[in-house]
Amino acid sequence: MANYPTDLKYTKEHEWARVEGNRARVGITVYAQEQLGDVVFIELPKVGTKVSQMQAFGVVESVKAVSDLFAPLSGEVAEVNAELVKKPELVNQDPYGKGWMLVIEISSPQQADALLTAQQYEEFLAKGGH
Amino acid sequence: MTGYDKLIFELSAPGRVGYSLPAPDVPNADPKALLPAKHLRASAPELPEVSELDVVRHYSRLSQLNYGVDTHFYPLGSCTMKYNPKLNEDMARLGGFARLHPLTPEAHSQGALQLMWELGRDLAEIAGMDAVSLQPAAGAQGELAGVLMIRAYHLARGERRTKVLVPDSAHGTNPASTAIAGYRVVQLKSDAEGGVDLADLERNLDQEVAALMITVPNTLGLFEPRILEISELCHARGAQVYMDGANLNAILGITRPGDLGCDVCHFNLHKTFTTPHGGGGPGAGPVGVKAHLEPFLPTPVVTKSDDGYELDWKRPQSIGKVQAFWGNFGMLVRAYTYIRTMGPDGLRAVADNAILNANYLMKRLEPHYDLPYPGPCMHECVFSARRQKKLGIAAMDVAKRLLDLGFYAPSTYFPLVVEEALMIEPTETESKETLDAFCDAMIQIAREAESTPQVIHDAPVTTSVRRLDQTLAARQPDLRWKPGRAPAVSDTRV
């Protein structure tokens, strides 16, 4: 199903990670942005910040709610999508593309095994998603 | 009256004035000769130039746009929008209260101090606490003061704990107050019945936990049946239990936070105790504690002795002052008036009728909207518009349509644990006729979602402004008038 690309890994907090070598690109899923509604503000860490798996790395605010963003993998922030500060709507428009949030330099690659596959994530959503 | 949307600045006409002052009887002085240049502005402020009638008419028309409990049913969940008796206003306007300067010597303000002392005593009795500070100006400030007292308590015992547990159904102020007090917030899961997941609590309840913040009944309107077990568990691990008193209206005279094992509890006087809410405020959020936390109460505390009432500042372990002067005193007068008007039996009847009203409403609406956590509920109930969402009608659409039908909307999208949440709190002051009219409107909307959804998508059409673009407003906030700018034009105006 195109909503949940099979080359991504997912968290139960509705983030995705695209592992590319020793780096992972991170964002939130189609489901997450649908639940949030229009995103109006995003707070992201600075490059060089250490993040830990399933610890909060930032905040996303929509017209409905403010939510923590959780790191799918531990490591150091290598890149931040600076465009999101000016255009938070990219998260709604293109959550797996221009709406990416971070690139993490992964410190523990084996942590990826703990993440969900697209199929597992869809099953999780089917059961209520929380 | 609809459609009035002028700013006072937009009424300005050069040279128009609304005053006439007598000629000065001293020589005019040049400000430049009196004040240093750095304190002088380069140009005169562009204040609106308007007549007295312009001012009166402008604000009268704006006041007619007001929407409040005095004009409409206001079922905003978790806010306890009950009627505010006008007797409260009479008492707060008594000259001896209204014109009393906060720095009047204690010997000359005995009546006011007595009222504060008695209100603190009454609130302590209502909540089963041992002492109360009346200073905090809002529930969230009461929370902050409470968490700071818990921190001071642990530190006084030589314990430097770092975490506070907060259920995922909590008011957003709980994690915010906790974070401001310097703690890390750990979110607890709700179980399938909407209560605290005990296994998750046990898993997270280690020696680093300073406190659990809990709301009883919780934001789903459900009483936490294992609250005694929960508070015992916390105490066994050295953690304190903070009760968010936002929903105190549901348990007045039935049970008391202190009897449920809670160590700290705040009171929203603007919810439970009928002081004005929102625009008519300010709020007041007194905080009560058990005896072991009393040394840490904010200074000063009103005390009583054979010589009368005084302000006690000599409290070495106090967290200090948290509010200007002695709190929002006018609100204290109103809450005191309410408590003395109602008496113990009256306050108990408040809770009984608040619960009865919420359950009546829940039963009438249950066939038409999904109820993810079945009742019986306490003072409020939380529906989900997920059934309507499948037809393209979201909770926000239901809320907007209600405005057209003459009702304020319930809280939407809160608590976060309910998808498409519609959180309805009728309070005890509404009649059966009003509840029925509201239910009829909600049922009409559920039917329209199936038959004529466009009516809902177009709503509201009867209000002074149509749907506002809340996304644009949040992304590009436009918060004040700036000189020389053309009046804002919005395509949402009618």
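Everything numeric in this text was worked out from a predicted model, so none of it was measured.

Novice: Honestly, the overall build of chain A in this entry has me stumped. Any pointers?
Specialist: Across its full length, chain A holds four helices and nine strands. Start at the N end of chain A and walk to the C end: the helices and strands fall as β-β-β-α-β-β-β-β-β-α-α-β-α. Taking 2.2 N^0.38 as the reference for a compact globule, 130 residues should give roughly 14 Å; the C-alpha atoms of chain A span a radius of gyration of 13 Å, in line with that estimate. Taken along its principal axes, the extent of the C-alpha atoms in chain A is 35 × 35 × 20 Å. Burial analysis of chain A (130 residues in total) assigns 38% to the buried set. For chain A, the share of sequence-separated contacts (at least 6 apart) that also reach a separation of at least 24 residues comes to 64%.

Novice: Before we go on, may I ask you to explain the overall build of chain B in this structure?
Specialist: Helix and strand content of chain B: 15 helices and twelve strands. Computed over C-alpha atoms, the radius of gyration of chain B comes to 26 Å, within 12% of the 23 Å expected from 2.2 N^0.38 for 494 residues, which places it in the range of a compact globule. Each principal axis of the C-alpha distribution contributes one length, and for chain B these read about 75 × 70 × 45 Å. A total of 494 residues make up chain B; the buried ones form 42% of that total.

Novice: Is there a simple way to think about helix α12 (residues 395–404) of chain B in this case?
Specialist: It helps to recall that an α-helix has 3.6 residues per turn; residues three or four apart then point in one direction. For α12 of chain B, the tally of buried residues reaches seven of ten residues, placing the bulk of the element in the interior. Along α12 of chain B, the residues classified as buried are Ala395, Asp397, Val398, Ala399, Lys400, Arg401 and Leu402 of chain B.

Novice: Any chance you could explain the nonpolar core here in plain terms?
Specialist: Soluble globular proteins tend to bury their nonpolar side chains together. In terms of nonpolar packing, the biggest core is built from 122 residues, with Met149, Ala211, Val264, Leu332 and Ala335 of chain B touching the most fellow members. Of the residues forming this core, the biggest block, 15 residues, is contributed by helix α10 (residues 329–365) of chain B. Core analysis: the second largest hydrophobic core is formed by 32 residues, Ala32, Leu36, Val60 and Leu102 of chain A among them.

Novice: Honestly, the environment of His379 of chain B in this entry has me stumped. Any pointers?
Specialist: Residue and element names in this part refer to chain B. Residue position: His379 is located in the loop between α10 and β10 (381–384). Separated by 265 residues in the primary sequence, His379 and Gln114 have C-alpha atoms spaced 32 Å apart. Ignoring anything within four residues of it in the chain, the contact list for His379 reads Pro217, Gly221, Asn247, Asn249, Ala250, Ala354, Ile355, Ala358 and Glu425.

Novice: What am I meant to see in the packing of helix α5 (residues 110–127) of chain B against α10 of chain B here?
Specialist: Helix-helix packing: each pair is described by the crossing angle between the helix axes and the interaxial distance. Residue and element names in this part refer to chain B. The geometry of α5 relative to α10 is characterised by a closest axis approach of 10 Å and an angle of 60° between their N-to-C directions. Judged by the inter-axis angle, α5 sits oblique to α10. You can see that α5 and α10 cross each other, and the crossing is left-handed. Along its contact with α5, which presents Ala112, Leu115, Met116, Glu118, Leu119 and Asp122, the element α10 presents Phe329, Leu332, Val333, Ala335, Tyr336 and Ile339.

Novice: Is there a simple way to explain the interface of chain B and chain A in this structure?
Specialist: Accessible area lost during the coming together of the parts is what is often quoted as the interface size. Listed as interface residues are six residues of chain B and, on the opposing side, six residues of chain A. Split into classes, the residues belonging to the side of chain B that touches chain A amount to three nonpolar, two polar and one charged.

Novice: Teacher, can you tell me more about the packing of helix α6 (residues 139–156) of chain B against helix α7 (residues 173–180) of chain B here?
Specialist: Residues and elements named next belong to chain B. Two numbers describe how α6 lies on α7: the axes approach to 9 Å, and their chain directions differ by 45°. By the angle between their directions, the pair α6 and α7 is classed as oblique. Here α6 and α7 pass one another in a crossing that is right-handed. In this structure, α6 uses Gly139, Ala140, Glu143, Leu144 and Val147 to contact α7, whose residues at the interface are Thr173, Asn174, Ala176, Ser177, Thr178 and Ile180. Split by residue class, the contact of α6 with α7 holds five nonpolar, five polar and one charged.

Novice: Looking at this structure, I do not really get the environment of Tyr83 of chain B. What am I missing?
Specialist: As for its position among the elements, Tyr83 of chain B is in the loop between α2 (52–64) and α3 (86–92). Excluding residues that lie within four positions of it along the chain, Tyr83 of chain B makes contacts with Val69 and Thr429 of chain B.

Novice: Just to check I follow, could you spell out the sheet that holds strand β5 (residues 50–51) of chain A for this structure?
Specialist: In sheet architecture, strand pairing relies on hydrogen bonds along the backbone and comes in two forms, parallel and antiparallel. Here six strands make up an open sheet; going across it, the order is β1-β2-β3-β9-β8-β5 (chain A) and the pairing antiparallel. The outermost strands of the open sheet, each flanked by one partner alone, are β1 (9–10) and β5 of chain A.

Novice: Help me out: how do you make sense of the domain arrangement of chain B in this one?
Specialist: Residue and element names in this part refer to chain B. Each assigned domain of chain B is listed with its residue range as follows: domain 1 (86–342) and domain 2 (351–474). Domain 1 and domain 2 are separated by 31 Å when their C-alpha centres are compared. Across the contact, 18 residues belong to domain 1 and 14 residues belong to domain 2. Within the side of domain 1 that touches domain 2, the residues separate by chemical class into eight nonpolar, eight polar and two charged.

Novice: Would you mind going over the sheet that holds strand β11 (residues 411–412) of chain B with me for this structure?
Specialist: One open sheet holds the three strands; their spatial order is β10-β12-β11 (chain B), and the pairing between them is antiparallel. Edge positions in the sheet fall to β10 and β11 of chain B, since each has one partner strand and no second.

Novice: How should I be thinking about helix α9 (residues 227–236) of chain B in this particular structure?
Specialist: Residues and elements named next belong to chain B. Within the span of α9, buried status applies to Ile227, Ile230, Ser231 and Cys234. All buried residues of α9 lie within an arc of 95° about the axis, which places them on one face of the element. Opposite the buried face of α9, by more than 90 degrees, sit the exposed residues Leu228 and Ala236. Buried residues along α9 sit against α8 (198–204), β4 (209–215) and β5 (240–244).

Novice: Just checking my understanding: could you explain the pairing of strand β3 (residues 184–188) of chain B for this structure?
Specialist: Regular strands place their side chains on alternate faces of the sheet. All names here are of chain B. Examined bridge by bridge, strand β2 (residues 163–167) and β3 share five bridges and lie parallel to one another. Following the sheet pairing, Lys163 is matched in β3 by Arg184. Once the chain exits β2 it traverses α7 before rejoining the sheet at β3, and the crossover so formed is right-handed.

Novice: It is not clear to me how the confidence of the model for chain B should be interpreted in this structure. Could you clarify?
Specialist: Interpreting fine coordinate detail is not advised for predicted regions of low pLDDT. All names here are of chain B. Summarising the model, chain B shows a mean pLDDT of 94, and 97% of its residues fall at 70 or more. Long-range and interchain partners of residues 489–494, a stretch whose pLDDT sits below 50, account for ten contacts in this model, where long-range means more than four residues apart. The ipTM, which scores confidence in the relative placement of chains, is 0.74 for this predicted complex, and the corresponding pTM is 0.88.

Novice: I keep staring at unusual backbone geometry and nothing clicks. Help me out?
Specialist: Both trends apply: most residues other than glycine have a negative phi, and most peptide bonds are in trans. That bond from Phe414 of chain B to Pro415 of chain B is cis: its omega, -5°, falls within 30 degrees of zero. Along the chain, Pro415 of chain B falls in the loop between β11 and β12 (421–424). For Met54 of chain A, which is not a glycine, the phi torsion comes out positive at approximately 65°. Along the chain, Met54 of chain A turns up in the loop between β5 and β6 (56–62). Overall, the presence of 17 C-beta atoms within 10 Å leaves Met54 of chain A in the partly exposed class. In the Ramachandran plot, Glu420 of chain B falls in the positive-phi region, its phi being about 50° despite a non-glycine side chain. For Glu420 of chain B, the location among the structural elements is in the loop between β11 and β12.

Conventions and cut-offs
- Residues numbered from 1 in each chain as written.
- Chains lettered and ligands numbered in written order.
- Predicted model: local features only at pLDDT ≥ 70, side-chain atom pairs only at ≥ 80, totals over all residues.
- Helix = DSSP H or I, 4+ residues; strand = E, 2+ residues; numbered from the N terminus.
- Rg over C-alpha atoms; globule rule 2.2 N^0.38 Å.
- Buried ≥ 20, exposed ≤ 12 C-beta atoms within 10 Å, placed from the backbone.
- Contact = placed C-beta atoms within 7 Å.
- Core = buried A, V, L, I, M, F, W, Y, C linked by C-beta atoms within 7 Å.
- Axes fitted to C-alpha atoms, helices over the stretch in contact; angles between N-to-C directions.
- Parallel < 35°, antiparallel > 145°, perpendicular 65-115°, else oblique.
- Left-handed = near helix turned anticlockwise from the far one by under 90°.
- Nonpolar A, V, L, I, M, F, W, Y, C, P; charged D, E, K, R; others polar.
- Pairing = 2+ DSSP bridges.
- Domains from an automatic or database assignment.
- Arc of directions from axis to C-beta.
- Right-handed = clockwise from strand over helix to strand, strands pointing away.
- pLDDT = per-residue confidence, 0-100.

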